[in-house]
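Each chain, letter by letter, is given below.
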Amino acid sequence: MTSTQTITLEALPAELSKLSLPNKPHGELDSSELNTITLNSNFDPTHPDAIIAASRLHDASVPDGGYGWVVIFACSIITFWFVGTTYAWGIMQAALVARNLSSPSTISFVGSLVCASISVLALVNARIIRRIGARNTGLLGVGFLGTGEVLSGWTTGSIGGLFVTAGVVMGVISTIPAQYFNKKRGIANGVVYAGGGIGGAAISFFFDTLITRLGPEWAFRILGLVTVATGLPAAWLIKERAPITSSMFVEWRLFKNIQFTMLWAAGAIATFPLFVPPFFLPLYSASLGLSPSSGAGLVAGFSFSSAVGRVGCGLLCDSIGPVNTLLLSLVLSAVSMLAIWPVSNSLGPLVLFVIINGAANGGFFSTMPTVVGSVFGSRRVSVAMGMIVTGWGGGYLMGAPIAGYLLAAYGGEHSSLKAYHPAMIYAGSMGLISSALVLTLKLKLNKKPLQRL
């Protein structure tokens, strides 16, 4: 039984439950047969139950491979730049703080704006994909990202300029389509999002080297040029298996369902602490007396662990279920921030924290799309995921800056290590609240704690 068959949002219509699918192996149903099944069942495609039913019929025909792996590879390259650049922002932040451009809390706002813009515009992005296609949206998104980075090279002396170039322009549009996988959907999402973790590791070292040798200005410009040179060909490889025809912008009735509302709230809260470690690890390592290169190495290690966690959690989604995997990743993230990071007074414990928290962090991002597709139907992913990601905007925008304000309130980055503890407790507590919501969701779906969900 696949993950899309394990969880149901509501009971299927009685007419559909009486249907017998054509006697064909998995993956061989063509569109005409699916249409025949739909017409013969008096199946109303506008009925909320019908979306899940249509998703099951559609999932029965996906190839679980083929050109889909080319699309996954292309999407992972785009994620390499979009997510990796955000993970590596802490390196640039430390360099700009050293120049006394502004405080860590203010500069972290710039890095947060990239993800916040992507999140707030998620529903707009979904509409653009339906209007001009995933390939053109990808090309447009890469163009904005690279242009924003190049322009940032001329605004490193102005915090206001960075807000516009490195914050807003870089985060206008992004796209990660997925239409090719059913049984392997978890690992496919894991591979796509692993690109962001690998990107964070590579860009961290790339940023550190360029900043040391050429300064932040040329680091931004070169990063932008390389992003465009590699991202545009990758975006061109994206090909939709079937056009996205839904005209629905927001499916408000989903909020009437307690399962969706809890998942939406869990994601909105979980994003507050997610970028606190990568943004503040360089400053924290400097407070330990470590070199800037060591700080870059820690961020790279965090990002690489994130990549491993994304693939690992993708595999776990296909084995223990996506909801269980999401819960596991959130619990590990919260516990590591509350129990390991505060006692990391030397490099050894800090490396342990980086590995555990990085893997858990990546697991959240790769697991959420699989959860949405499993619980609410693959045909609904575009709208439902857009609604959920839009809810992440507050956490993306305010999560790291709140940690920065707490750090400043308790002594600042040049004070003792204890000055970081309130920010750690804040981040870990938000993770625990999100974990509690997902646990409640899991128990609502099935009371058995060890049930595969």
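Since we're looking at a predicted model, the values are computed, not measured.

## Observations concerning the confidence of the model for the protein chain
And then number 1: In the predicted model, the protein chain carries a mean pLDDT of 79, and the fraction of residues at 70 or more is 76%.
And then number 2: At the level of individual helices and strands, the protein chain shows its lowest average pLDDT in helix H1 (residues 3–6), which scores 35, and its highest in helix H16 (residues 322–340), which scores 96.
And then number 3: Counting interchain partners and residues more than four positions distant, the pLDDT-below-50 stretch residues 1–48 has 78 contacts.
And then number 4: Low pLDDT, under 50, characterises residues 163–178; the stretch is placed with 66 contacts to residues that sit more than four places away or in other chains.

## Section: the pattern of salt bridges
And then number 1: Throughout the structure, instances matching the rule amount to two salt bridges.
And then number 2: Put simply, Arg-99 and Glu-217 hold a salt bridge, and the shortest N to O gap is 2.8 Å. Of this pair, Arg-99 sits in the loop between helix H6 (89–98) and helix H7 (104–120) while Glu-217 sits in helix H12 (residues 216–237); the two residues are 118 residues apart in sequence, bridging distant segments of the chain.
And then number 3: A salt bridge links Glu-251 to Arg-253; the shortest N-O distance between them is 3.0 Å.

## Description of the environment of Ala-339
And then number 1: Structurally, the position occupied by Ala-339 is in helix H16.
And then number 2: A relative accessible area of 46% means that Ala-339 is categorised as partly exposed.
And then number 3: For the pair Ala-339 and Phe-353, spaced 14 residues apart in the sequence, the C-alpha separation amounts to 9.2 Å.

## As for the nonpolar core
One recurring pattern in soluble globular proteins: nonpolar side chains tend to sit buried together.
And then number 1: One finds Phe-207, Leu-263, Phe-364, Phe-365, Met-368 and Trp-392 to be the most contacted residues of the largest nonpolar core, which totals 99 residues.
And then number 2: Looking at which element gives the most residues to this core, the answer is helix H17 (residues 347–376), with ten residues.
And then number 3: With near-sequence residues (within four places) excluded, Trp-392 lies in contact with Ser-119, Gly-267, Ala-268, Thr-271, Phe-364, Phe-365, Met-368 and Met-385.

Calculation rules
Residues numbered from 1 in each chain as written. Predicted model: local features only at pLDDT ≥ 70, side-chain atom pairs only at ≥ 80, totals over all residues. Heavy atoms only, no water. pLDDT = per-residue confidence, 0-100. Helix = DSSP H or I, 4+ residues; strand = E, 2+ residues; numbered from the N terminus. Contact = heavy atoms within 4.5 Å. Salt bridge = Lys/Arg side-chain N within 4 Å of Asp/Glu carboxyl O. Buried < 20%, exposed > 50% of the residue type's maximum accessible area, 1.4 Å probe, protein only. Core = buried A, V, L, I, M, F, W, Y, C linked by side-chain atoms within 4.5 Å.

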